[in-house]
Amino acid sequence: MFTCPICHAYLIELEAEELATCSFCSAVEETEYLCPNGHFQCEDCRMSNQTQILERVCLNTKSTDPIAIANLVMKHPSFNQYGVEHHELVAAVCLTAIRNLGAQNISGNKLKAAIKRGSKIPYGACGTMGTCGACVSAGVAMGVLTQSNYLKDKERNLTITTTANALLKLTELGGPRCCKFSTYASIISVWEIATNELVMNLPALNVKCAFQGKLKECHLNKCPYYEQ
Ligand SMILES: [Zn+2]
Ligand SMILES: [Zn+2]
């Protein structure tokens, strides 16, 4: 029996092939199997690695909610509970949501470049280097939004502050690592600074962990994103 990658329900075998819309990339494809909850994964998304699925989702979604986009990507079978793939995620989902909100024009190439920048932070950097790839990816998002570089003044400050604020949220929770918490906290850091400093009109975020209780090292009700 096949299961749905999104909700883990058993797939239903159809009597005849039907057209279905991919839950990840919106491609329409013929299928013999469907999730009872309406989810479907197209062939290209099924074969995608972590970077590819992130690009496929971000370049095709119309969603304006960075948390919902991140949760969808993290449910793809290529995404692990913990891992460097989270270091590419934050900038991509924030810039995608801001692009879909019409708050700033961001090209597909800029999105891809933002994904690449986050990938340079190694696994486990939180405990050994004092930084976290997801938090760095938050800084990447701010760097793109402000067109920052090392010669700029206010833009550089905002970029550094975005990563720094995200890192401080990690220390509030304490250890051990949680890549899902780091992802949510980093998205919130981007949202806060884009709202307060860039005066973007962004919708409020409602963060509930989509993986709570399923992770090996879940902080359970110690985590602000854990719902009782
Ligand atoms: Zn499903
Ligand atoms: Zn797809």
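Structure's up top.
Note that the structure is predicted; figures quoted are calculated from it, not measured.

## Some points on the packing of helix H3 (residues 66-74) against helix H9 (residues 179-196)
- Following both chains from N to C, one finds H3 and H9 inclined at 155°, their axes separated by 10 Å at the closest point. Of the possible angle classes, the one that applies to H3 and H9 is roughly antiparallel. Where H3 crosses over H9, the two elements pack in a sense that is right-handed. On H9, the residues touching Pro66, Ile67, Ala70, Asn71 and Met74 of H3 are Lys180, Thr183, Tyr184, Ile187 and Trp191.
- For the contact of H3 with H9, a count of residues per class yields seven nonpolar, two polar and one charged.

## Here's the deal with the packing of aromatic side chains
- Applying the stated criterion to the full structure yields three aromatic pairs.
- The rings of Phe181, Tyr184 and Tyr225 are connected pair by pair, giving a single aromatic cluster.
- Taking NZ or CZ as reference, Arg177 lies 3.9 Å from the ring centre of Tyr82, over its face.
- Residue placement shows Lys180 over the ring face of Phe211; its charged tip is 4.6 Å from the ring centre.

## Digging into the coordination of the zinc ion (ligand 2)
- Within the protein, Cys22 (SG), Cys25 (SG), Cys42 (SG) and Cys45 (SG) serve as the donor atoms for the zinc ion (ligand 2), at 2.3 to 2.4 Å.
- In this structure, the zinc ion (ligand 2) is surrounded by four donor atoms whose angles at the metal cover 106 to 115°, and the resulting shape is tetrahedral.
- Along the chain, the residues donating to the zinc ion (ligand 2) fall in the pattern C-x2-C-x16-C-x2-C. Taken together, the residues span a long stretch of sequence, with Cys25 in the loop between strand S1 (12-21) and strand S2 (28-34) and Cys42 in the loop between S2 and helix H1 (43-46) at a distance of 17 residues. In this pair, the class of Cys25 matches that of Cys42, namely buried.

## Considerations on the coordination of the zinc ion (ligand 1)
- Within the protein, Cys4 (SG), Cys7 (SG), Cys35 (SG) and His39 (ND1) serve as the donor atoms for the zinc ion (ligand 1), at 2.0 to 2.3 Å.
- Considering all four donor atoms around the zinc ion (ligand 1), the spread of angles at the metal, 99 to 115°, places the coordination shape in the tetrahedral class.

## Let's talk about the pattern of salt bridges
- Summed over all chains, the structure comprises five salt bridges.
- Ionic pairing is found between Glu227 and Lys208, a salt bridge with its closest N-O pair at 3.9 Å. Pair noted here: Glu227 is in the segment after H9 and Lys208 is in the segment after H9, with a separation of 19 residues, a long-range link.
- Taken together, the shared-partner salt bridges in this structure form one network comprising Arg177, Lys216 and Glu217.

## Structural notes on empty space enclosed by the protein
- This structure, assessed with the given rule, holds one cavity of 30 Å³ or more.
- Quantified by volume, the largest cavity comes out at close to 80 Å³.
- Taken together, 13 residues make up the lining of the largest cavity; nearest its centre are Cys178, Cys209, Leu215, Cys218 and Cys223.
- Considering each element in turn, the lining of the largest cavity owes the most residues, three residues, to H9.
- Residues of the lining of the largest cavity, tallied by class, amount to ten nonpolar, two polar and one charged.

## Things to note about unusual backbone geometry
- Cis geometry marks the peptide bond from Gly175 to Pro176, where omega comes out at -5°.
- Of note in the backbone geometry, His8 takes a positive phi value of approximately 70° without being a glycine.
- Mapped onto the elements of the fold, His8 is located in the segment before S1.
- Residue class for His8 comes out exposed when judged on its relative accessible area of 55%.
- At Val199, a position not held by glycine, the phi torsion is positive, near 50°.
- Topologically, Val199 is positioned in the segment after H9.

Calculation criteria
- Residues numbered from 1 in each chain as written.
- Chains lettered and ligands numbered in written order.
- Predicted model: local features only at pLDDT ≥ 70, side-chain atom pairs only at ≥ 80, totals over all residues.
- Heavy atoms only, no water.
- Axes fitted to C-alpha atoms, helices over the stretch in contact; angles between N-to-C directions.
- Helix = DSSP H or I, 4+ residues; strand = E, 2+ residues; numbered from the N terminus.
- Parallel < 35°, antiparallel > 145°, perpendicular 65-115°, else oblique.
- Left-handed = near helix turned anticlockwise from the far one by under 90°.
- Contact = heavy atoms within 4.5 Å.
- Nonpolar A, V, L, I, M, F, W, Y, C, P; charged D, E, K, R; others polar.
- Phe/Tyr/Trp six-rings, centres within 6.5 Å; stacked < 30°, edge-to-face > 60°.
- Lys NZ or Arg CZ within 6 Å of the ring centre and 35° of its normal.
- Donors = N, O, S within 2.8 Å, 3.2 Å for Na, K, Ca; no water.
- Tetrahedral: all angles 85-135°; square planar, octahedral: opposite > 155°, others 65-115°.
- Buried < 20%, exposed > 50% of the residue type's maximum accessible area, 1.4 Å probe, protein only.
- Salt bridge = Lys/Arg side-chain N within 4 Å of Asp/Glu carboxyl O.
- 1 Å grid on protein atoms, 1.4 Å probe; cavity = no way out; pocket = protein on both sides within 12 Å on 5 of 7 lines; lining within 4 Å.
- Points joined across faces, edges and corners; volume = space filled by probe spheres on them.

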